[in-house]
Amino acid sequence: MSDINSSFEIDYEQALTLTGFGWFHYRLLALCGLIYANTAIGITVMSFVLPSATCDFRMTSEDKGWLTAAPMLGMVVGSYFWGCLADTKGRRIVLIAALLLDGTVGLISTAAQIFPIFMFLRFINGFAITGAMGICFPYLGEFQPTAYREKILCWMELFWTLGIVVLPCIAWIIIPLPLKFGTADGGIVFGSWNLFVALCSIPSLLLGLWLLYFPESPKFLIECGEPALALEILKDIYHTNTGRDRNECPIGRLKESDRSNTIMETHNRSIRTFNIHDPKHMKILLPEIWEQTKALCSAEFRRNTALACVIQFGITTSYYTLMIWFPELFGRFEEYEKRYPNATVSVCDVSSIVLDNVNDTLVDDFCGTEIDTKVYWHTLLLGIACIPTSLWLPLCVHRLGAKFFLIFSLLVAGLVTVGLAYVGNSTQNLILSCIFEALTSMGISTVYCVMVDLFPTNLRVMAAAFSLTFGRCGALLGNLMFGFLVDLNCLVPIVLFSIMLFAQYCAFFCPTLELRRFSSEERNATHCVQVYIL
């Protein structure tokens, strides 16, 4: 069979099928899944730093807003940067760089004793983690045979839930420890929350090193005009999956990419060989990137681009803001109910516990307050609440359709957000918070399923990066706004978040923003490769 196939070329999808599905794909799923879980930890780690580091940095609610916004600003800057870099230098090398940068800077941030420096380092963390989050799905999907691609990518959502569940467990074990090291003059202090941040940074370094043992995406190599190297990688995959010798691989030659590439046609060299530090090479690369960006804003795709960006902005603003602030709100509820047992209190009323203690400075007795164990338990329940929706989406997405899941999650999440303003105790707040977390997480994931219908194959990666940038802008503004308003008039951000969710629901039904349908062959070839890039 090998001799027969060596006489003609086969396309990449056929070649993947011939390599089989086995041990290599399970290892790759474990790697990319853990990277995705690690991004969940990296993004939400600040949710436990806020109440824990309040006294060390003498933070007011406004300071906390700036601290939670810093990683989001890094994501805004990094989303488009990493996307462009992955399309020029390769998925694997960019993933490694993003993970190692995130882990290294995370460890350095644990030694920061000055609030602005710590905030800047968390900005770098956000910049790095968005690269890992945005690239791990294309990298994973490009190795999957067509018959398995959708199933593998849909089940990846469970790894995000894993990260959300593991984070409060780590915090519960580490933060309550009576650790406090420092110099005699108090200039350098290292507490339990510093150790918590350090432990959450280590997985990025380990995953970056593990990724060194995996190859570059063969599909990307073919797009770069390097089919010979792609073939060697496919032979290695065949050997790993089947246990047979590489020479027995039934793939003779790979068909080169049909997609035109101006750079390769003009300069007769792979795009990977261009050095981004060379000004001459950048003059060649930038026009190519600009042409792809302009295509998203052309008359044909302008409306679809606007729809994707608006939905991303609205749902991400609500999700990332409330997700990061939930432990802080849980802590305020517990502190309030300790002082006023059996009292009926809303989310806005509990802010008085901070206003009574914070008047530009923090009083000593408030600084000595430890995080109640119920806060860890309630945050853990948030992650557990995502498990049913994480299973529901991949099992029923083909029966009910991605559009149904998007509309359902936006509508119910909007109603739940309104309900947060009317809760009477911490239990009611917890129930609504769990529903909100489960539905908005599913809604963000579903957006990328819908984008498969909104854009053709050659624009989906760029469209994902473009809309992701808008989503991170929303998360940035949401965290800043919530930090400034939570103590002054917390009803305002809650109403705004609910309006944003309802607005996305209404915009989706606007007749000028109907889904564009492409041929079934095109959809089946790359369906949901970009699913679940949060």
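Just so you know, these numbers come straight off a predicted model, no measurement behind them.

Let us now look at the overall build of the protein. Across its full length, the protein carries 23 helices and four strands. Expressed as a percentage of the 534 residues in the protein, the buried residues total 56%. Surface exposure of the protein reaches about 21600 Å², of which carbon and sulfur atoms provide 64%.

Now for the side chain of Ser409. Along the chain, Ser409 falls in helix H19 (residues 402-420). Residue classification places Ser409 among the buried positions, given a relative accessible area of 1%. Sequence-distant contacts of Ser409, that is, excluding residues within four places in its chain, are made with Leu439, Met442 and Gly443.

Now for the packing of helix H3 (residues 23-44) against helix H9 (residues 157-174). What describes two packed helices is the angle between their axes and the distance between those same axes. At a closest axis distance of 8 Å, the pairing of H3 and H9 adopts a crossing angle of 45 degrees. With respect to each other, H3 and H9 are oriented oblique. In the packing of H3 onto H9, the handedness of the crossing is right-handed. Here Leu29, Gly33, Leu34, Tyr36, Ala37, Thr39, Ala40, Ile41, Ile43 and Thr44 of H3 lie close against H9, whose contacting residues are Glu157, Phe159, Trp160, Leu162, Gly163, Ile164, Val166 and Leu167. Residue composition of the contact of H3 with H9, by class: 13 nonpolar, four polar and one charged.

Let us look at the packing of aromatic side chains. Throughout the structure, instances matching the rule amount to 24 aromatic pairs. Measuring from centroid to centroid gives 5.5 Å for Phe21 and Tyr26, while their planes differ by 85 degrees, and the two rings are edge-to-face. Site record: aromatic cluster; members linked through ring pairs are Phe24, Tyr139, Phe143, Trp210 and Phe214.

Next up on the list: the confidence of the model for the protein. Scored by pLDDT, the protein comes out at a mean of 77, with 78% of its residues at no less than 70. Here residues 1-5 scores under 50 on pLDDT; set against residues more than four positions off or in separate chains, the count is nine contacts. Predicted confidence for residues 510-534 stays below pLDDT 50, and this span has 78 contacts to residues more than four positions away or in other chains.

For the rest of this paragraph, the subject is empty space enclosed by the protein. Considering all chains together, one arrives at seven cavities of 30 Å³ or more under this definition. Lining the second largest cavity are Asn38, Ile41, Gly42, Val45, Asp102, Gly106, Arg122, Asn125, Val197, Cys200, Ser201 and Ser204. Among the secondary structure elements, those contributing two or more residues to the lining of the second largest cavity are H3, helix H6 (91-109), helix H7 (115-141) and helix H10 (192-210). By residue number, the principal contributor to the lining of the second largest cavity is H10, which donates four residues.

So, on to the environment of Gly103. Mapping Gly103 onto the fold places it in helix H6. A relative accessible area of 0% means that Gly103 is categorised as buried. Separated by 100 residues in sequence, Gly103 and Pro203 have C-alpha atoms that sit 7.3 Å apart. Apart from residues no more than four positions distant in its own chain, Gly103 is found in contact with Ser201, Ser204 and Leu205.

Because each turn of an α-helix spans 3.6 residues, side chains separated by three or four positions in sequence point in the same direction. Across its 28 residues, helix H18 (residues 373-400) extends 40 Å between first and last C-alpha, which sits within 8% of the 40 Å expected from 1.5 Å per residue. Helix geometry: H18 is bent most strongly at Pro394, by close to 40 degrees. Positive backbone phi, at 90 degrees, marks Gly401, one or two positions downstream of H18.

Thresholds applied
Residues numbered from 1 in each chain as written. Predicted model: local features only at pLDDT ≥ 70, side-chain atom pairs only at ≥ 80, totals over all residues. Heavy atoms only, no water. Helix = DSSP H or I, 4+ residues; strand = E, 2+ residues; numbered from the N terminus. Buried < 20%, exposed > 50% of the residue type's maximum accessible area, 1.4 Å probe, protein only. Areas by Shrake-Rupley, 256 points an atom, 1.4 Å probe, with all protein chains shown as cover. Contact = heavy atoms within 4.5 Å. Axes fitted to C-alpha atoms, helices over the stretch in contact; angles between N-to-C directions. Parallel < 35°, antiparallel > 145°, perpendicular 65-115°, else oblique. Left-handed = near helix turned anticlockwise from the far one by under 90°. Nonpolar A, V, L, I, M, F, W, Y, C, P; charged D, E, K, R; others polar. Phe/Tyr/Trp six-rings, centres within 6.5 Å; stacked < 30°, edge-to-face > 60°. pLDDT = per-residue confidence, 0-100. 1 Å grid on protein atoms, 1.4 Å probe; cavity = no way out; pocket = protein on both sides within 12 Å on 5 of 7 lines; lining within 4 Å. Points joined across faces, edges and corners; volume = space filled by probe spheres on them. Expected span 1.5 Å × (residues − 1). Bend = angle between axes of the 7 residues up to and from the residue.

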